[in-house]
Each structure stands twice: as C-alpha cells, then as structure tokens.
Amino acid sequence: MATIQIKAKTTKRIIFSLIFLSAGSLLALMFAADNPNELNRMQSSLLVLNILSFIVFLIIVALSAKNLLNDYRKNKLGAKLRLRMALAFSGLAVIPAVVLFFFAINFMNKGISVWSDADVEQGLNNALMLGRSALDEKIQQGLFETTNIALQLQGIENIDLQLRELVQKSKAEQLVILDSDIQVLASGSDQISRVSTRIPTLLEIEQANLKQSWTSLDSSPDGSYLIRVLVPVLSFSSNQKPLYLQAFFSVDPKLSMMADSVEETYARYGRLNFMKDPIQYSYILTLAIVVLLALLLAIYGSIEFADRLVKPIESLEKEAESMIKNPRFADNNNSSDEITTLVNSFMKAQKEAAWSDVARRMAHEINNPLTPIQLSAERIKKRFSTSTGEDLKFITTSTDTIVNQVEVLREMVNAFGKFAEQPKLKTERINMSKIIDEAIGLYSKDHKAIKFSSKYTDETFIHGDEKKLRQILNNLLKNSIDALANIEKPRITVATKDIQINKTDFLELSIEDNGIGFSEETVSKAFEPYVSTKPKGKGLGLAIVKNIVDEHQGHIAIKNNPEGASVIITIPVKQQKQNL
Amino acid sequence: MLSFRKFFHVSIAFFALTSVIAIKAEGSGSSYIDNGVYYSDIEIPINFEKEQIKALESGIIFNLELNLKIVDIRNWRLDRDIGELTQVYAIEFNAFTRRYTVSNKNTGRQASMAMIREVSEYLSAIKKLPLVDDSLLDLDADYTVILDSRLRAQGMSPWMKTISFWRESLDSDLEQIQWQLFR
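Predicted, not measured: the structure shown is a model, and the values here were computed from it.

Quick notes on the overall build of chain B
Right, on to step 1. The helix and strand inventory of chain B stands at four helices and 10 strands.
Right, on to step 2. Classification of the 183 residues of chain B by burial places 27% in the buried group.
Right, on to step 3. Taking the contacts inside chain B whose residues are at least 6 apart along the sequence as the reference set, 62% of them involve residues at least 24 apart.

Written out as structure tokens, the structure reads:
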C-alpha cells in the first residue's frame, strides 16, 4: 500500500512538472511564432519538448485508463460508476476542444491565405513596373550619352585622360574601356569605390556585340540603384581586340529610395508567400499539440476526479459491511466534502434506524413477559401471606424484589419505546420561560446543594411539542445533576437567546454546569444510543434529546468548558408547515 | 523490333553518354604559386534546383559556402591541419532590376547577372582564390587541399526547412573535391 502511495505521489509530481514545462514551452513557442519570417531557433527544441510531454502524458493516461478498465472487468466496487463518470467528463472536455480546434484552424488558414491574395501580388507587380517605367527614360538618356562618348573616343590615343575629361563633362559616374576578355584597359571615374567592382559578364559583352548596346539597372549594397550601359567602341586597328565602353549613371536618390522600398516589400511578400505552407503546418502542429496536451490533461483529470468522487461511496459500502459485523463501528472519517457529509448522514440515519428497530423489538419482547411475572409474584405473596416468622419475611422480601425489578425493567422498556417512536409532533405556541421555570423548580427542591440559575427574557415563545420540550429539559437537567456529584459549589445555568440564521428566527437554549464534563471519546458519540459515562446509565438520554431536536428541525451541540460542560440547542421559533 | 545487337549498342552509347555527363559534373581544383602566395582555381558544378530558383525569386537569399582546408596527409600518423579558409558568396534576386546579384562576403566584390545560368557559370569557375602563404609550408610535406561546398537558404529556421519536407530541399551539399598543393 505504501508503495502504491509513493507511486501515486511520483506520478503527480511528474504530471505537475510536465504541466509547468509544457505551459512554459508553449508560451515560449507562442512568442517564437510571433515572427513568421524567421521563426525562432528554439522552436524545434520547444516542439520536441512538447511532443515528449505529450508522449509521457499519453503513457500516464493510458495506464490510468487501463487500471480503470481492469477494475471494471473485475467488477470492483464503484468501478462502473468511475468509468461512466470518467467517460462523461472526458466527453465534456473532448467535444468542445475538438470543435474549437477545427474552428481555430479554419480561421487561421483563412488569415494566412490573405497573404497570397492575388490583388496584393498584382498591386506589387504594378508598383515594380511603374518604378521601372520611371527609370526607362533615364536609361535611354544614359544610352544616348554613352553612345556619343564612344563615338568621341574613336582614334584618340591618350584615352585615360580623355575618359576623365568626359566623365566631368557628362552625367556618368564612371567610364571604363574593356576588351572582349573583360580586361579593364582604361578608366575615368568620380566615385570609384561605389562602382569599381562592377564588371560585365561575357554574356553581356555578347549582347552588346549583337545589339550594339546593352543596358541594365543594378542595385548597390547601400540600397541605391545604378544604370549601367555597355556599347562597343570602334577599334583603333583591325588587329586589336574589340573594345567596349561601360558607363555608370546614378539614379536620383529619392527615386532610388522609393524603388528600394517597393522592392523590399515585394521581397518580404515573396518570402512570406513562399513560406506560407510551412508556416501554416507549423501553426497547425503547434495548435494540435496544445489541444492534445489539454485533452490528455482533461482525460487524466476526469479519471482522477471520478476516482475521488466515488471513493466516499466505496467507503459507505465498506462501513455498511463493518456495521453489519459491529453495530458500534467507530466513525473515523474526518473528510469535509459534500459527498462525505452525505455518506456520514446516511450512515447515521442507518444506525439510528437500526437502533430504533432494536429498541422496538426489545420493548415488545421484554414487555410481554413482565406482566405475568409481576402478577405471579403478587399471587405468591398473597398466597403465603398467612405464613409467619422467617418464611413470611423471606416471601415478602423476595416477591417485593421481583415486583421492584419488574418495575425497573418496565421503565427501561418504556424508555426504549419512546426512543423508537416515530416523530409525531403536536406543535403549539408555548412559553419556553414558563417550562424552564417549572423544570428548575422541580429539580431544585430535591437538589438544594445545587445553585440553579436562569437567563432569559420574560416571554420566550416558540412553536413546538410542549411534552417533548419538557423531556429535553428533564433529560439535560438530570445529566447535569449527575455530572455534579462530589463537585464543590455545584451550579446549573439555563439560558435562552433569540438568534437569526439565514433570516430565520431561532431560539438558542443552553444548559451549562460546572460538573465533570464529557470525555473526548464521549463527545464524538454522545448522541448515539447506549453511550453513557454513568455507571447505571442506559445511554438513551442524549439520544432521545437529539431525536426530539431533530424532529423540531433544530440542532444540538455539546462542548466542554474550562469548568464543566454545555449543551446548546437551537430550535426554529416557527416550525415548517409539514411538521405542524 | 529492336535486335539484341542494336539494344547492346544503344545501351553502350547510353552508359558512355551518362559517364561523360558524370565526369563533366565532377568538380576540380588546381593551385599555383604567385609572388609567394598559393592561389587556387576551382571548378565546381553548381546547378540550382527548381525549388531553389523559386525561392530565390521569392526573395530568399542563398549562401554558397566554400570551405577550403589545407591538410598535411601523413602515413601512419594523424593528418595535420595547416589552415582553413571559408569563402562565402551571397546570391540574391532583385525584383526591381530583375537581376541576380552575387556578393563575395569576404572581399565585398559584387557581380550582377540577368539569368540564373550566368550565376551558375560565374560561381562554377572561381579563379585565383588566395589560399596560403608559401612561408607557412614545410618543404618536404605533402599537402592536400580539401574543398567542401554547400548551398544554404538564409532567413529560414531549421524547423521551417524540416516542415517543408514535401518539397525539394533548399539546402544542398556539393561533392567534396581534393587536389594536391603542388610546390
């Protein structure tokens, strides 16, 4: 049993650790997924962690479900109810979670599909075309100017000097003369650092040869744009390799900036569009893991909850079995949940019903032979009344003893009978002050050593059964008087107080003495029949009082004071209609 | 009906052709000394897959990483690493200019190309790559240059690449090339 408890504790620790771990990693995953362009590097490991949590959870849930099914197959007590409850609770959790999952996926897919909206793509393409069209004129101007420069370069020997002069005269940033092997022969430049690295490819040279010109729009690492023009230059001699002039023209910085902005937006849109499907699958997987983890947790919780809920019912059955074996089975359940309270009340009711039945049978069985015994004893006494001396004395003493003991037995039988009586209240409006006064008056005459006192308002009226309320006072005063034997300065105080509980008027009646009080053991069982600390007590006094208080829909409690004990009774001032 | 002899000849021709393609597809490298510095000319067959071109045109930048290692290969003993050089080329497509730009991240040199074929050709033949200073090498050692090349898509986490399992991989590792660093 100890091993099982340790295992259960370990399982709970694992589950709580997994819950915290999964919650943490899911939160991290949520924040990681905020940037769909470059999902966080930790995403893979976080997902793996969650998948591992899911697997461990799955194993734990499978084991719990297997135990439950085993109990069900073995027809163990409460297993059927546990299974039904677990299925019901799990169903309640699973159905909304699955519905929510599919709706969430649907909305998410719709949200992501907006990225690849055809109108957006067309708009961006148009923006790019517009930008390029705006630069077409500049490109044509550059081509015109480069062709003119190439014509001017024909036959000139000091080409480097000429190039520098032409750069200053023209709008070109750089002019370069290359041969067909792409070897730079001469260069004239204003901003060498920005454009010096741009060399035409062989294909571009071929194109320039074929079409007599070649133009391109190039981007720079700083986000600006350059117009590049390549034109053939007539060779100085027929043996010389073909020569080409490459010219660079800058684009207006404002236009460059706008073009770069459009290009960047287009590229971002393109990247998002390209990664749309993987992002979508990633979100679905994350959501699925979250939902599955939540579902497993809900199923595990359902099994545990059903187990806890059914446990008191199992203990009810066990207690009932124990009670069959031992009617005075101790009530050790200190749990305070509703089911336990209900079970305890049920157990108490069963016990009381059992005691009532016993009392009724005893009263019936014992009462029947008592009258013949008493009559026989009286006949014997009468028959032998003519005897003399020792015989007469013996006969008289013996028959008197029989008659007296029969009376004691009858009293006991009557007491049992009263305990077993069904609640039949004869309620009327009664003055409790008067009843208390009369009860105190009755007992104070016979117990002058005890100081009786009372605290109440002059007229305290309640609706109740006068005879039964008198019995309450008599029983409680008798108990107090018995508890005050051998006590110095004995005293009994009877007090009443008007109180309100849930807007209902109650009368609180308390009887307090400075006697020996209740033992710890008696306090918990004081209202059960046959429980008494008195040597000759029947143990029915407080049980009868409890019955009467219950009939009046009241409440009774006992407690030990620093000196003596108190019994506190609360009875509604007006009885409910069904009891009137 | 195809006769056995014809089938045999066609098969031989097919194998010969595919063998030529295979030989042509293999990379090569050579080194030479110039003013006390060893340079390398490298030829690596770089062919962009359809998915890679699509990714490039969608704005994803690719890096071609060339990792060159000079190793002293010794008999019966562990090889000795002399030096290592990593050369990175970034390839990107500009939607506005409709051109590809190849940037050498080590030198900052840029080249602009209109077609992906040009990019492949440009990167497949790398000339005069400075490798190692002659003074760092032993006279009697036998050095080998080992080149590992790989193409990697940037801006995509490993997770995003993993979850894109249904399409061709954006990353590719090229065949390792080795050659002697002749002195």
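Regarding the overall build of chain A
Right, on to step 1. Along the backbone of chain A there are 15 helices and 12 strands.
Right, on to step 2. Of all 580 residues assigned to chain A, the portion counted as buried reaches 25%.
Right, on to step 3. Nonlocal contacts in chain A, meaning residues at least 24 apart in sequence, comprise 67% of its contacts between residues at least 6 apart.

Let's talk about the packing of helix α13 (residues 466-483) of chain A against helix α15 (residues 541-551) of chain A
Residue and element names in this part refer to chain A.
Right, on to step 1. Where α13 contacts α15, the axes come no closer than 9 Å and their chain directions differ by 150°. It follows from the interaxial angle that α13 and α15 lie roughly antiparallel. In this structure, α13 crosses over α15, and the sense of that crossing is left-handed. Residues Lys468, Gln471, Ile472, Asn475, Leu476, Lys478 and Asn479 of α13 lie in contact with α15, whose contacting residues are Gly541, Ile544, Val545 and Ile548.
Right, on to step 2. In terms of residue class, the contact of α13 with α15 is made up of five nonpolar, four polar and two charged.

Concerning the packing of helix α2 (residues 43-73) of chain A against helix α3 (residues 79-113) of chain A
Two quantities define a packed helix pair, namely the angle between the helix axes and the distance between the axes.
All names here are of chain A.
Right, on to step 1. Look at α2 against α3: their axes get within 8 Å of each other, and the N-to-C directions meet at 140°. Taken together, the axis directions place α2 and α3 in an arrangement best described as oblique. The crossing of α2 and α3 is left-handed. Facing α2, whose interface residues are Leu68, Asp71 and Tyr72, α3 presents Ala79, Lys80, Arg82, Leu83 and Ala86.

Re the sheet that holds strand β2 (residues 184-189) of chain A
Residues and elements named next belong to chain A.
Right, on to step 1. Taken in spatial order, the five strands of this open sheet run β2-β1-β5-β4-β3, and their pairing is antiparallel. Sheet topology places β2 and β3 (214-219) at the edges, where each strand pairs with a single neighbour. Direction aside, the axes of adjacent strands within the sheet are offset by 20° on average.
Right, on to step 2. As paired strands, β3 and strand β4 (residues 225-233) are joined by six bridges and run antiparallel to one another.

Observations regarding the sheet that holds strand β7 (residues 125-133) of chain B
All names here are of chain B.
Right, on to step 1. Pairing in this open sheet of three strands is antiparallel, and the strands run β1-β2-β7 from one edge to the other. The open sheet is flanked by β1 (28-34) and β7, the only strands paired with a single partner. Taken pair by pair, the neighbouring strands of this sheet meet at an average axis angle of 25°, ignoring direction.
Right, on to step 2. Pairing analysis gives seven bridges linking β1 to strand β2 (residues 37-43), with the strands arranged antiparallel. Bridge pairing links Ser31 to Ser40 in β2.

A word on the confidence of the model for chain B
All names here are of chain B.
Right, on to step 1. Chain-level pLDDT for chain B is 82 on average; 86% of the residues reach the 70-or-more range.
Right, on to step 2. Here helix α1 (residues 4-25) is the element of chain B with the lowest mean pLDDT, 51, and strand β3 (residues 62-72) is the one with the highest, 93.
Right, on to step 3. For this predicted complex, the interface confidence reaches an ipTM of 0.74, while the overall pTM sits at 0.57.

Some words on the nonpolar core
Right, on to step 1. In this structure, A:Leu175, A:Leu245, A:Ala247 and B:Leu64 are the most contacted members of the largest nonpolar core, which totals 70 residues.
Right, on to step 2. For this core, the element with the highest residue contribution is β4(A), accounting for six residues.
Right, on to step 3. Excluding anything up to four places from it in sequence, A:Leu175 contacts A:Ile149, A:Leu163, A:Leu166, A:Val167, A:Gly188, A:Leu245 and A:Ala247.

Description of the interface of chain B and chain A
Right, on to step 1. Contact residues are listed per partner, giving 26 residues for chain B and 33 residues for chain A.
Right, on to step 2. Elements represented by at least two residues in the side of chain B that touches chain A include exactly β5 (99-104), β6 (110-113), α3 (116-124) and α4 (158-163) of chain B.
Right, on to step 3. Among the elements that make up the side of chain B that touches chain A, the one with the highest residue count is α4(B) (five residues).
Right, on to step 4. Looking at the side of chain B that touches chain A, its residues break down into 12 nonpolar, 11 polar and three charged.

Some remarks on the environment of A:Val184
Residue and element names in this part refer to chain A.
Right, on to step 1. With respect to the secondary-structure elements, Val184 resides in strand β2.
Right, on to step 2. Exposure remark for Val184: the 12 C-beta atoms within 10 Å place this residue in the exposed category.
Right, on to step 3. A sequence separation of 60 residues divides Val184 from Tyr244, and the C-alpha atoms of the two residues are 9.6 Å apart.
Right, on to step 4. Beyond its immediate stretch of four places on either side in the chain, Val184 contacts Val176 and Leu178.

Let's talk about the pairing of β3(A)
All names here are of chain A.
Right, on to step 1. In terms of burial, β3 is largely enclosed, as six of its six residues are buried.
Right, on to step 2. A two-sided burial pattern is seen for β3, the buried positions comprising Trp214, Ser216 and Asp218 on one face and Thr215, Leu217 and Ser219 on the other.
Right, on to step 3. Once β3 ends, the chain turns through five residues before running back antiparallel as β4, passing Gly223 with a positive phi of about 95°.

Side note on the pairing of strand β5 (residues 243-250) of chain A
Residue and element names in this part refer to chain A.
Right, on to step 1. The buried count for β5 comes to seven of eight residues, which makes it a mostly enclosed element.
Right, on to step 2. The sheet contact formed by strand β1 (residues 174-179) and β5 spans six bridges and is antiparallel. By the bridge assignment for β5, Asp179 is matched with Leu243.
Right, on to step 3. Bridging between β4 and β5 involves eight bridges; their strand directions are antiparallel. For Leu230, the partnering residue across the bridge sits in β5 and is Gln246.

Description of unusual backbone geometry
Right, on to step 1. Positive phi is not limited to glycine here, since A:Gln212 has a value of about 65°.
Right, on to step 2. Along the chain, A:Gln212 turns up in the loop between α7 (202-211) and β3.
Right, on to step 3. A tally of 11 C-beta atoms within 10 Å means that A:Gln212 is categorised as exposed.
Right, on to step 4. A positive phi is found at B:Lys128, a non-glycine position, where the angle reads about 50°.
Right, on to step 5. Examined against the element boundaries, B:Lys128 turns out to sit in strand β7.

Quick notes on helix α12 (residues 432-446) of chain A
Right, on to step 1. An ideal rise of 1.5 Å per residue puts 21 Å on 15 residues; α12(A) measures up with 22 Å between its terminal C-alpha atoms.
Right, on to step 2. Its buried side turned inward, α12(A) meets β6 (428-431), β7 (451-455), β8 (461-464), α13, β9 (491-501) and β10 (504-513) of chain A.

Overview of α3(A)
Right, on to step 1. Its 35 residues give α3(A) an end-to-end C-alpha distance of 50 Å, which sits within 8% of 51 Å, the value for a rise of 1.5 Å per residue.
Right, on to step 2. Of all the positions in α3(A), only A:Ala79, A:Arg82, A:Ala86 and A:Ser90 are classed as buried.

Structural notes on the confidence of the model for chain A
Low-pLDDT portions of the prediction should not be read for the details of their coordinates.
Residue and element names in this part refer to chain A.
Right, on to step 1. On average, residues of chain A score 80 in pLDDT, and 84% of them are at 70 or above.
Right, on to step 2. Per-element confidence in chain A ranges from a low mean pLDDT of 49 for helix α6 (residues 192-195) to a high of 91 for strand β12 (residues 565-572).
Right, on to step 3. Low pLDDT (under 50) marks residues 1-6, which in the prediction has zero contacts with non-local residues, meaning those over four places away or in another chain.
Right, on to step 4. Counted against residues more than four places away or in other chains, residues 327-331, with its pLDDT under 50, gives six contacts.

About the cut-offs
- Residues numbered from 1 in each chain as written.
- Chains lettered and ligands numbered in written order.
- Predicted model: local features only at pLDDT ≥ 70, side-chain atom pairs only at ≥ 80, totals over all residues.
- Helix = DSSP H or I, 4+ residues; strand = E, 2+ residues; numbered from the N terminus.
- Buried ≥ 20, exposed ≤ 12 C-beta atoms within 10 Å, placed from the backbone.
- Contact = placed C-beta atoms within 7 Å.
- Axes fitted to C-alpha atoms, helices over the stretch in contact; angles between N-to-C directions.
- Parallel < 35°, antiparallel > 145°, perpendicular 65-115°, else oblique.
- Left-handed = near helix turned anticlockwise from the far one by under 90°.
- Nonpolar A, V, L, I, M, F, W, Y, C, P; charged D, E, K, R; others polar.
- Pairing = 2+ DSSP bridges.
- pLDDT = per-residue confidence, 0-100.
- Core = buried A, V, L, I, M, F, W, Y, C linked by C-beta atoms within 7 Å.
- Expected span 1.5 Å × (residues − 1).

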